[in-house]
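Below, each chain spelled out in residue letters.
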Amino acid sequence: MNRPIGAAPSPLVRWIVLGVVGLLFAIPILAMIEFTLRGAVAGTYDLGHWAAVFDPEKERAYRVLFQGLGNSLILAVATVVIVVVFLVPAMVIVAVGAPRLRRVLEFVCIIPITVPAIVLVVGLAPVYSVVVKVFGSAPWTLAFAYGVTVLPYAYRAIQSNLAGVDVVTLSEAARSLGASWRSVFFRVIVPNIRRGILVASIITAAVVLGEYTIASLLNRNTLQTALVQVSKSDPYVAVIFALLALAFVFVLLLVIGRVSAVGRGGRSPRGRRIRRSASAPVAAAAPAVVLSPPVPSEGSAP
C-alpha cells in the first residue's frame, strides 16, 4: 500500500536509519576504546594506560596536556561570558527597538560560518599583535577570536527562543507598570529566553573545546594542540583524553536536549499521570449545568 506524501516513516525505517547512524559513530569510538586498553603484550588488555594518566611519576610528561585542558576550560568560560554579555543585549535591543535591523544582525552573525578558520586567522593576526600588547599573550585572549567563531551557533540558539517570545508586548507592559529598562531586561526578558542562553552557552563551550586551527596558528596551548603534541610521544594518552572530551560533549548534548524538552513544556509521563489523576476528582465532582427554557411570567405573552 502506497504511503501518502509527507507521511512519517515507518518504525522499521526509523530503526534502520538510527542503526546505520549509530554504527557510523560507534565503530570509531569502540576502536579508540580498544586501542587504549591494549596491554604491553600483544593480544592482552588492561587499564595500564588509563592508570598512567593519573600516575604522579609521569606528571612532568603530561603537564602540557593538563595545562592545555585548563586553558581550554578557561577559554570556554571567557568565550561564554563574551557571547552572553555582547550578543544577548544586542539581540534584545534589535528585537524591541529596531526590528528592521534584525536581518543585518543575522547577516553579521552568520558570516563567520562561511569563512574558513585559516582565513580567519590571517585576518586576526594583525589584530592579535595589538591584543598581545594590551592584554599579553595568555591563552585566554583567544576568547576574542572564539567569540567571533561561535557567533552563528550562539545566534541561532538564542534567536530560536527569542522568536517564540513577544518581547515587545512584555517590555511595553513592564514599562507601563513603572519598571526601568534594566528591570525589563533582567527580570522580564532574560527569564523568558534563559533556555536559549543556556543552549548557546553549552554549544559555545563544546566548540571551544574542539577548536584546533586558530590555537595552533596563533601558538597557544589548548587541549587540542596539547593532544597533538602528546600524541607524538604517547598516543594512548592522547586518545584517552580525546575520548574524555567526546564524553563531555555528549553530556553537553544531553543537557541541551533535556533543557529544550523542559523549555517546550515537556514533562515526564509520571508527571502527566499525576496531573490527570489530580484533576479527575475535580472534574467528577463538578456538577452538571442544565439549561432549562425560561418560564414566562403571568403578564407576558405566550
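None of the values given here were measured: they were computed from a predicted structure. (Residues numbered from 1 in each chain as written. Predicted model: local features only at pLDDT ≥ 70, side-chain atom pairs only at ≥ 80, totals over all residues. Heavy atoms only, no water.)

What follows deals with the packing of aromatic side chains. Tallied over the full model, the rule gives 6 aromatic pairs. Pairing phenylalanine 35 with tyrosine 236 gives two aromatic rings, centres 4.6 Å apart and planes at 15°, and the pair type is stacked. Highlighted residues: phenylalanine 35 in helix α1 (residues 11-36) and tyrosine 236 in helix α13 (residues 235-263), separated in sequence by 201 residues. Residue classification places tyrosine 236 among the partly exposed residues on the basis of a relative accessible area of 23%. Grouped by ring-pair contacts, the aromatic residues Phe135, Trp140 and Phe144 constitute a single cluster. (Phe/Tyr/Trp six-rings, centres within 6.5 Å; stacked < 30°, edge-to-face > 60°. Helix = DSSP H or I, 4+ residues; strand = E, 2+ residues; numbered from the N terminus. Buried < 20%, exposed > 50% of the residue type's maximum accessible area, 1.4 Å probe, protein only.)

With that settled, consider the packing of helix α3 (residues 63-97) against helix α9 (residues 181-192). Closest axis-to-axis distance for the α3/α9 pair is 12 Å, and the angle between their directions is 105°. In this view, α3 runs roughly perpendicular relative to α9, as classed from their interaxial angle. Of α9, the residues touching α3 (which contributes Val88, Pro89, Val92 and Val96) are Trp181, Phe185 and Ile189. Considering only residue class, the contact of α3 with α9 consists of 7 nonpolar, no polar and no charged. (Axes fitted to C-alpha atoms, helices over the stretch in contact; angles between N-to-C directions. Parallel < 35°, antiparallel > 145°, perpendicular 65-115°, else oblique. Contact = heavy atoms within 4.5 Å. Nonpolar A, V, L, I, M, F, W, Y, C, P; charged D, E, K, R; others polar.)

If you walk through the whole model with that rule in mind, you get 4 salt bridges. When the shortest N-O distance is used, the salt bridge between glutamate 106 and arginine 102 registers 3.9 Å. Taken together, the positions of glutamate 106 and arginine 102, both in helix α4 (residues 102-110) and 4 residues apart, correspond to about one turn of that helix. A residue is classified by how much of its surface remains accessible, and glutamate 106, at 13% relative accessible area, is buried. (Salt bridge = Lys/Arg side-chain N within 4 Å of Asp/Glu carboxyl O.)

When you line up the elements, glutamine 67 lands in helix α3. Spatially, the C-alpha atom of glutamine 67 lies 7.5 Å from that of asparagine 221, the residues being 154 residues apart in sequence.

What follows concerns the layout of surface pockets. Of the volumes computed, that of the largest pocket is approximately 310 Å³. As for the largest pocket, its lining consists of Phe25, Ile29, Trp50, Leu243, Leu244, Leu246, Ala247, Val249, Phe250 and Leu253. Contributions of two or more residues to the lining of the largest pocket are made by α1 and α13. Class assignment of the residues belonging to the lining of the largest pocket gives a composition of 10 nonpolar, no polar and no charged. (1 Å grid on protein atoms, 1.4 Å probe; cavity = no way out; pocket = protein on both sides within 12 Å on 5 of 7 lines; lining within 4 Å. Points joined across faces, edges and corners; volume = space filled by probe spheres on them.)

Let's shift gears to the nonpolar core. Counting residues in hydrophobic clusters, the biggest one holds 29 residues, and the most contacted among them are Leu87, Val88, Met91 and Ile193. At the level of secondary structure, the elements contributing two or more residues to this core comprise α3, α4, α7 (151-162), α8 (167-176), α9, α10 (194-210) and α13. When near neighbours in sequence (up to four residues on either side) are disregarded, valine 88 contacts Val83, Ile158, Phe185, Ile193 and Ile197. Membership of the second largest hydrophobic core comes to 17 residues, among which are Ala76, Ala143, Tyr146 and Ala215. (Core = buried A, V, L, I, M, F, W, Y, C linked by side-chain atoms within 4.5 Å.)

Another point: the side chain of histidine 49. Take histidine 49: it is sitting in helix α2 (residues 48-53). Among the polar contacts listed, one links the side chain of histidine 49 to the backbone oxygen of arginine 38, at a separation of 2.8 Å. Excluding its chain neighbours within four sequence positions, the residues that come into contact with histidine 49 are Thr36, Arg38, Tyr236 and Ile240. (Polar contact = N/O pair within 3.5 Å; in protein donor to acceptor, adjacent residues only side chain to side chain.)

A cluster of nonpolar side chains, namely Leu12, Val13, Ile16, Val17, Val20, Val21, Leu24 and Phe25, defines an oily patch on the protein surface of about 780 Å² accessible area. Looking at where valine 17 falls in the secondary structure, it is placed in helix α1. Given the relative accessible area of 47%, valine 17 is considered partly exposed. (Patch = residues over 30% accessible without salt bridge, like charges linked within 9 Å, V, L, I, M, F, W, Y side chains within 5 Å. Areas by Shrake-Rupley, 256 points an atom, 1.4 Å probe, with all protein chains shown as cover.)

In the Ramachandran plot, asparagine 219 falls in the positive-phi region, its phi being about 55° despite a non-glycine side chain. One can find asparagine 219 in the loop between α11 (213-217) and α12 (223-231).

This part covers α1. End to end, α1 covers 37 Å across 26 residues, agreeing with the expected 38 Å (1.5 Å per residue, within 8%). Most pronounced at alanine 26, the bend in α1 amounts to some 25°, and the proline proline 28 follows within four residues. (Expected span 1.5 Å × (residues − 1). Bend = angle between axes of the 7 residues up to and from the residue.)

Another point: the environment of leucine 198. Inspection of the secondary structure assignment puts leucine 198 in helix α10. Judged by relative accessible area, which is 39%, leucine 198 ranks as partly exposed. Expressed as a C-alpha distance, the spacing of leucine 198 and isoleucine 158, which sit 40 residues apart in the sequence, is 8.7 Å.

Mean pLDDT over the chain stands at 80; residues scoring 70 or higher make up 83%. Under a pLDDT of 50 for its full length, residues 266-302 has, in the predicted model, 3 contacts with residues more than four places off or in other chains. (pLDDT = per-residue confidence, 0-100.)

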